[in-house]
Amino acid sequence: MKNNNNRDRWASLFYWIGAIMTGASIALVLLGNTKLFHSFQHTNFPLAWKFAGVAVVSFLAREICRPSALNHDRHDRDARRSVDHIPHEI
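Now for a look at the structure at hand. Quick caveat, the model's predicted, so the values are computed rather than measured. (Residues numbered from 1 in each chain as written. Predicted model: local features only at pLDDT ≥ 70, side-chain atom pairs only at ≥ 80, totals over all residues. Heavy atoms only, no water.)

**What to know about the environment of Ile 64**
Here is step 1 of the chain: Following the sequence through the fold, Ile 64 ends up in helix α3 (residues 47–65).
Here is step 2 of the chain: Through-space distance from the C-alpha of Ile 64 to that of Ala 11 is 8.3 Å; in sequence the pair is 53 residues apart. (Helix = DSSP H or I, 4+ residues; strand = E, 2+ residues; numbered from the N terminus.)

Okay, here's the thing in structure tokens:
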């Protein structure tokens, strides 16, 4: 049980890092033509791309931390619904 708690915490941490980096990347793209952020965006490898890369890696790390939890819940829900479609009259 403790292992699942640790995995849940890591998955949550990676999710929030990805969400924050996605928001920062979008903000930098929108603010890229302002005087303050122009030097960060107009380089060979813009800072927004770096933030987006960190977001992608973070979301992938989240999937690695909790790969089976989402699929297991979905499978249980599908199995319960399949019983509703069986005709009662034979």
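**Examining a nonpolar patch on the surface**
Here is step 1 of the chain: On the surface, a nonpolar cluster with roughly 360 Å² of combined accessible area is contributed by Trp 10, Leu 13, Ile 17 and Val 54.
Here is step 2 of the chain: With three residues, helix α1 (residues 2–30) is the single largest residue contributor to the nonpolar patch. (Patch = residues over 30% accessible without salt bridge, like charges linked within 9 Å, V, L, I, M, F, W, Y side chains within 5 Å. Areas by Shrake-Rupley, 256 points an atom, 1.4 Å probe, with all protein chains shown as cover. Salt bridge = Lys/Arg side-chain N within 4 Å of Asp/Glu carboxyl O.)

**Details of the pattern of salt bridges**
Two side chains carrying opposite charge are able to pair once their charged atoms lie near each other.
Here is step 1 of the chain: According to the stated counting rule, one finds one salt bridge in the structure shown.
Here is step 2 of the chain: Between Arg 62 and Glu 63 there is a salt bridge, with the nearest N and O atoms lying 3.8 Å from each other.
Here is step 3 of the chain: On the accessibility criterion, Arg 62 (27% relative accessible area) is partly exposed. (Buried < 20%, exposed > 50% of the residue type's maximum accessible area, 1.4 Å probe, protein only.)

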